[in-house]
Structure formats: structure tokens, C-alpha cells
Amino acid sequence: MRRYVSLVLGLCAVGVCVDALTQEQVSQFGALHEKCIQETGVDPNLLARAQKGEALDDRKVQCFGACLLQGMNIMDASGAFSKENAVALAPENFFRGSIVEMINTCGDQKGADACETAGKVFECMNGSVVFGVLKTALGM
């Protein structure tokens with residue numbers, strides 16, 4: 001994986017985004033984030049570097065992404081990405097058309113397992129035009 005940019009931004013694209021979240025959802029996502037760090041053993045410093053846009057090729061970072069997607073019911077244990085579930089989470093009033101288009105394109109990425117598939121999905125999202133728009137909109 002050449003480019004693994006911000007899991008936060010990627011998840012924003014599939015619906016965990018900005019003002020669309022309630023405090024309960026923010027809390028639930030925070031708990032999922034911590035659970036995935038524990039389950040994968042990923043170094044939080046690597047996640048911080050990825051969020052800043054550093055190119056990483058790290059299995060634990062990929063598995064962290066898979067854990068988040070699985071916890072959000074966007075990916076199953078076998079690594080199958082559910083476009084339908086991802087689209088259902090896309091915010092109604094935050095670049096929805098572009099996000100849905102990106103999900104439809106990037107949701108077809110396949111790896112050897114769930115971790116590699118998550119890495120490929122996020123890599124594809126990073127390469128999409130809507131990512132640039134989201135970065136600008138979120139001040140990143």
C-alpha cells in the first residue's frame with residue numbers, strides 16, 4: 001500500500017462525519033477505536049502518522065482499518081466490503097453524491113484478507129477527488 005491517509009477522513013467518507021454525529025455516536029466510535037488498537041496491537045504513533053498523510057505499508061495499520069470497518073458493519077469477517085451498508089451511513093448533507101460515488105468505486109477493492117482489503121479500500125479513497133474536497137472542508 002503506497003498511501004494510507006487518515007482513517008478518520010476515510011471513515012468520514014463512509015458516514016462517521018463532522019456534525020452528523022451525536023455525542024453517543026462519538027463515544028461509541030471512540031470505544032471502537034480503542035478496541036481496535038487493543039485487538040490489532042497497532043502503534044498509535046503509526047496511526048497519527050497515517051492521519052497526517054504519511055505513506056505507510058504496515059500490516060497492523062491495515063488490520064486496524066479492517067477492525068473499524070467491521071465494527072461499523074461495513075466489512076464482514078471474511079473481508080467483504082458492504083457498499084450498501086457504507087452508503088447507508090453516508091451523511092445526507094455532506095457531499096453525499098461524491099461520497100457514494102467513491103464508495104461504489106473503492107468498495108470493489110479486494111485483498112488477500114480483510115486487512116489487505118481495508119488497506120486497498122482506504123488507498124483507493126485517498127486517491128479519489130472527493131478526498132481532496134473532504135480535506136479542504138474539514139480543514140485538514
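Before reading on, note that the structure itself is shown above.
Calculation criteria
Every chain's residues receive numbers from 1 upward, in the order its sequence appears when written. Per-residue local features of the predicted model are confined to residues with pLDDT of at least 70, and side-chain atom pairs are confined, for both listing and counting, to 80 or more; whole-chain, interface and lining totals are unaffected and use all residues. To get the side-chain values, take all heavy atoms of the structure and skip hydrogens and water. Note on geometry: axes are lines fitted to C-alpha atoms, helical ones only across the stretch in contact, with angles between N-to-C directions running from 0 to 180 degrees. Strands are runs of DSSP state E lasting at least 2 residues, helices are runs of H or I lasting at least 4, and numbering of each runs from the N terminus. Throughout this description, any angle smaller than 35 degrees is read as roughly parallel, any larger than 145 degrees as roughly antiparallel, any in the 65 to 115 degree range as roughly perpendicular, and the remainder as oblique. Handedness of a crossing follows from how the near helix is turned relative to the far one, being left-handed for an anticlockwise turn of less than a right angle and right-handed for a clockwise one. In what follows, a contact means two residues having at least one pair of non-hydrogen atoms within 4.5 Å. Just so you know the grouping, Ala, Val, Leu, Ile, Met, Phe, Trp, Tyr, Cys and Pro go in nonpolar, Asp, Glu, Lys and Arg go in charged, and all remaining residues, Gly too, go in polar. Residues belong to one nonpolar core when they are buried, are Ala, Val, Leu, Ile, Met, Phe, Trp, Tyr or Cys, and are joined through side-chain atoms within 4.5 Å. Accessibility here uses a 1.4 Å probe with only protein chains present; expressed as a share of the type maximum, an area under 20% marks a residue as buried, one over 50% as exposed, and anything in between as partly exposed. Expected span of a helix, by definition, is 1.5 Å for each gap between consecutive residues, and there is one gap fewer than residues. Pairs of N or O atoms within 3.5 Å make up the polar contacts considered here, provided that, within protein, one atom can donate a hydrogen while the other can accept it, and that residues adjacent in sequence are counted only when both atoms are side-chain atoms. In the sections that follow, a salt bridge refers to a side-chain nitrogen of Lys or Arg positioned within 4 Å of a carboxyl oxygen of Asp or Glu. Put simply, a disulfide is two cysteine sulfurs that come within 2.5 Å.

Caption draft 1: Molecular detail of the packing of helix α6 (residues 96-106) against helix α7 (residues 114-126). Following both chains from N to C, one finds α6 and α7 inclined at 135°, their axes separated by 9 Å at the closest point. In terms of axis orientation, α6 runs oblique to α7. As α6 packs across α7, the resulting crossing turns out to be right-handed. Contacts from M102, T105 and C106 of α6 reach α7 at V121, C124 and M125. Each residue belonging to the contact of α6 with α7 can be placed in one class, and the counts come to five nonpolar, one polar and no charged.

Caption draft 2: Inspection of the packing of helix α4 (residues 59-71) against α7 at higher detail. The geometry of α4 relative to α7 is characterised by a closest axis approach of 7 Å and an angle of 90° between their N-to-C directions. In terms of orientation, α4 and α7 fall into the roughly perpendicular class. Mapping the contact onto sequence places R59, Q62, C63, G65, A66, L69 and Q70 in α4 and A114, C115, E116, A118, G119 and F122 in α7. Looking at the contact of α4 with α7 residue by residue, the classes come out as seven nonpolar, four polar and two charged.

Caption draft 3: Fine view of the nonpolar core. Judged by nonpolar contacts, the single largest core of 34 residues is most densely connected at F64, L69 and F81. Residue assignment for this core shows that the elements contributing at least two residues are α2 (23-40), α3 (44-51), α4, α5 (83-89), α6 and α7.

Caption draft 4: Spatial organisation of α4. Under the 1.5 Å per step criterion, the end-to-end length of α4 is 18 Å for 13 residues, consistent within 8% with the ideal 18 Å. The complete set of buried residues in α4 reads V61, Q62, C63, F64, G65, A66, C67, L68 and L69. Of the residues that open α4, the one with a side-chain oxygen 3.0 Å from the backbone nitrogen of K60 is D58. One or two positions beyond α4, positive phi appears at N73, with a value near 65°.

Caption draft 5: Expanded view of the pattern of salt bridges. One pass over the structure, following the stated rule, counts three salt bridges. For K83, the salt bridge is made with D108, and the minimal N-O distance between the two is 2.6 Å. One end of the pair, K83, is in helix α5; the other, D108, is in the loop between α6 and α7, and 25 residues separate them in sequence.

Caption draft 6: Inspection of the environment of A80 at higher detail. Position of A80 relative to the elements: it lies in the loop between α4 and α5. The partly exposed category is assigned to A80, whose relative accessible area is 39%. As for A80 and Q109, which are separated by 29 residues in sequence, their C-alpha atoms are 9.4 Å apart. Among residues more than four places away in sequence, those in contact with A80 are I74 and M75.

Caption draft 7: Just the state of the cysteines, in detail. Under the defined criterion, the tally for this structure stands at three disulfides. In this model C106 forms its disulfide with C124; the gap between the sulfur atoms is 2.2 Å. Around the S-S axis, the bridge from C106 to C124 shows a dihedral of about -75° and counts as left-handed. Taken together, the positions of C106 in helix α6 and C124 in helix α7 put the pair 18 residues apart, joining distant regions of the chain. Judged by relative accessible area, C106 falls into the buried class, the value being 1%.

Caption draft 8: The arrangement of the environment of E101 in detail. Mapping E101 onto the fold places it in helix α6. In the structure, E101 is positioned 27 residues away from S128 in sequence and 9.7 Å away in space, judged by C-alpha atoms.

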